[in-house]
Amino acid sequence: DTPAAAYEPSMTTLGQLKVEIPGFKPDDPVMTPEEFQKASTIYFERCAGCHGVLRKGATGKPLTTDITRANGYDYLHSFITYGSPAGMPNWGTSGAMTEEETGMMARYLLLEPPAPPEWGMPEMLASWKVLVKPEDRPKEKMNDIDIDNLMSVTLRDAGQVALIDGGTYEIRAIIDTGYAVHISRISASGRYLFVIGRDGLVNMIDLWMETPASVASIKIGIEARSIETSKFEGWEDKLAIAGAYWPPQYVIMDGDTLEPKKIVSTRGNIYDEQVYHPEPRVASILSSHYKPEFIVNVKETGKIIFVDYTDLKNLKTVEVEAERFLHDGGFDSTKRYFMVAANQRGKIAVVDTKEDKLTALVETGGATPHPGRGANFNHPVFGPVWATSHLGDESVALIGTDPEGHPDQAWKVVDSFYALGGGSLFIKTHPNSTHLYVDATLNPDAEISASVAVFDISKMGGDTETDPEFVTLPIAEWAGIPEGQPRVVQPEFNKEGTEVWFSVWNGKEQESAIVVVDDKTLELKKVIKDPKLITPTGKFNVLNTKDDVY
Ligand code: DHE
């Protein structure tokens with residue numbers, strides 16, 4: 001008794017965009033256009049990051065209608081409500097979605113997904129704003145901020161970033177940005193800070209202004225995660241690049257104004273199966289220190305693309321067959337090799353940015369490596385290593401990165417040991433520190449997700465049978481927040497490498513904090529609290545981020 005006529009295709013809005021509700025079939029579940037629109041928005045904000053806009057799956061399982069219809073409403077509803085140990089959040093029981101919403105989302109998944117529109121040059125140009133022209137910007141630094149020690153902190157659900165002074169812990173500016181800024185990156189000179197929201201909005205912030213503020217902005221797509229700037233000698237501050245999840249593409253922009261110069265689609269064939277994929281999303285992007293190139297990681301097709309930015313009219317790219325699904329990564333300590341997680345295959349792909357070639361594919365032995373940018377240190381026995389933790393289990397893998405000095409260990413897992421628990425997102429150390437910090441943000445146990453493990457690097461030995469011991473720091477407890485269930489996420493060092501900062505990430509309506517720990521003593525140094533610090537997640541120290549020190 002669901003009259004098909006009531007569900008005629010019609011236009012609905014997704015954010016600021018008009019999209020077409022796909023045609024309904026007679027046996028489709030009941031859904032009003034209003035519900036469809038609401039569900040599309042929720043899907044976009046909560047689900048698309050893992051399952052893809054077209055629902056073809058990546059970090060999350062595919063949710064195309066052949067699969068969802070075979071599983072049926074009840075199965076979907078319970079999955080959305082209770083989640084799974086493999087990483088699906090418990091949207092219902094955590095209170096993030098109401099009973100009405102989980103039911104609505106289950107019905108929504110039985111319908112064909114709407115394909116959001118493309119986002120090409122006309123749309124980009126229409127969204128592009130130069131808020132302060134280059135000639136009207138300060139000629140010298142107009143503030144007393146130690147810019148190198150500034151921390152750019154994402155205030156996720158507020159759609160803002162906070163610039164916090166690493167010396168005084170004072171909030172020096174709060175800047176409106178896109179929704180849930182994913183990362184901050186710094187221009188080679190250290191003057192400009194670039195941030196990108198989940199909604200594809202890029203803000204370019206001038207740190208020389210009396211109070212740092214946006215000087216340009218542009219929306220480069222509908223969903224996005226990555227941004228970077230040109231760093232090679234002679235190209236400092238000249239160009240910026242941003243990668244989009246939807247449409248699957250990257251765009252190269254002027255480094256002074258964000259004027260879009262070149263949009264390149266990443267649609268194409270999966271590297272191994274040689275089958276076309278309509279939504280190969282751009283994951284991490286890095287800027288080479290060896291050549292005037294960007295390193296663009298394409299998730300679903302498993303390709304690492306070196307993009308030569310010297311001649312945008314005659315664009316030269318080198319496409320490396322790597323592995324899937326490429327996600328996050330960083331350089332080794334020499335900055336010659338780039339290491340990126342291929343999380344579906346439990347591997348780290350290593351590319352040589354001097355030769356533009358795949359160096360190795362390293363199986364980490366853990367489930368779903370998730371390094372952030374990883375952690376480089378000098379292991380007492382194995383020499384220079386790069387470390388990753390895992391989303392799917394409690395293991396930490398150390399990979400040898402010194403083919404000259406330690407050829408036997410190069411590009412192999414030299415040791416693997418347990419940290420606090422599964423659900424780790426980020427791992428961090430600093431050249432001036434002898435500690436390795438590992439979070440467990442998405443661990444289902446509240447106490448574990450509220451703490452971090454700290455390993456003493458100087459005590460790591462060559463006996464791989466015995467796990468190194470670690471100390472547990474109860475970071476969220478130190479923050480003294482009585483309400484909610486705050487998760488501790490992403491360690492980040494100050495410029496000297498003497499203090500490490502953690503976000504204590506609570507609900508939008510609840511108190512959150514930043515906790516600063518003394519790296520030498522592992523004692524609490526400072527709790528930064530402010531009603532404006534809403535849902536802090538990523539933190540990026542200007543100097544370390546600019547120079548790729550991690
Ligand atoms: Fe991230 C890095 C994508 C969920 C906080 N995240 C990245 C990068 C990518 C990515 C591609 C690498 C960017 C680069 O270096 O150029 N993240 C995704 C997702 O697709 C995923 C799994 C699901 C989603 O819907 O977004 C996801 N990420 C999260 C979160 O839930 C986090 C914890 C909070 C949030 O903002 O939503 C989160 N991601 C971060 C942070 C970094 C990051 C803080 C940068 C780490 C660093 O030290 O460089």
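Placed above this text is the structure.
Presented here is an overview of the structure given in this document. What you are looking at is a predicted structure, and each value in this text was computed from that prediction instead of being measured.

On to helix α2 (residues 65-82). Owing to its 3.6 residues per turn, the α-helix aligns residues three or four sequence positions apart on the same side. End to end, α2 covers just 21 Å across 18 residues, shorter than the expected 26 Å (1.5 Å per residue, more than 12% under). Buried within α2 we find Thr65, Thr68, Gly72, Leu76, His77, Ile80 and Thr81. Contact partners of the buried residues in α2: α3 (99-109). Note on α2: the residue one or two positions beyond its end, glycine 83, has a positive phi of about 70°.

Among the nonpolar cores identified, the biggest contains 48 residues, and Met105, Ile220 and Met253 are the most heavily contacted of them. For this core, the element with the most residues is helix α1 (residues 33-51), which contributes 7 residues. Leaving out residues up to four positions away in the same chain, isoleucine 220 has contacts with Trp119, Met124, Ile196, Gly200, Val202, Ala242, Gly243, Ala244, Gln249, Val251 and Met253. Formed by 18 residues, the second largest nonpolar core is a distinct cluster that contains Ile481, Val488, Val504 and Leu522.

To continue, consider the sheet that holds strand β11 (residues 223-229). One open sheet holds the 4 strands; their spatial order is β11-β12-β13-β14, and the pairing between them is antiparallel. The open sheet has two free edges, formed respectively by β11 and β14 (260-265), since each of these has just one partner strand. For this sheet the average axis-to-axis angle between neighbouring strands, irrespective of direction, equals 20°. One ladder, built from 6 bridges, connects β11 with strand β12 (residues 239-246); its direction is antiparallel. Bridge assignment links glutamate 223 to a residue of β12, and that residue is tryptophan 246.

So, on to the pairing of strand β13 (residues 249-254). Extensive coverage of β13 is indicated by the burial of 6 of its 6 residues. Pairing of β12 with β13 involves 6 bridges; the strand directions are antiparallel. Its bridge partner lying in β13, alanine 242 is registered against valine 251. Hairpin connection of β12 to β13: 2 residues between the antiparallel strands. Judged from the 5 bridges that link them, β13 and β14 form a sheet pairing that is antiparallel. The residue bridging valine 251 from the neighbouring strand is isoleucine 263, located in β14. Between β13 and β14, which follow one another and run antiparallel, lie 5 residues, and leucine 258 among them has a positive phi close to 70°.

Quick notes on the rules
- Residues numbered from 1 in each chain as written.
- Predicted model: local features only at pLDDT ≥ 70, side-chain atom pairs only at ≥ 80, totals over all residues.
- Heavy atoms only, no water.
- Helix = DSSP H or I, 4+ residues; strand = E, 2+ residues; numbered from the N terminus.
- Expected span 1.5 Å × (residues − 1).
- Buried < 20%, exposed > 50% of the residue type's maximum accessible area, 1.4 Å probe, protein only.
- Contact = heavy atoms within 4.5 Å.
- Core = buried A, V, L, I, M, F, W, Y, C linked by side-chain atoms within 4.5 Å.
- Pairing = 2+ DSSP bridges.
- Axes fitted to C-alpha atoms, helices over the stretch in contact; angles between N-to-C directions.

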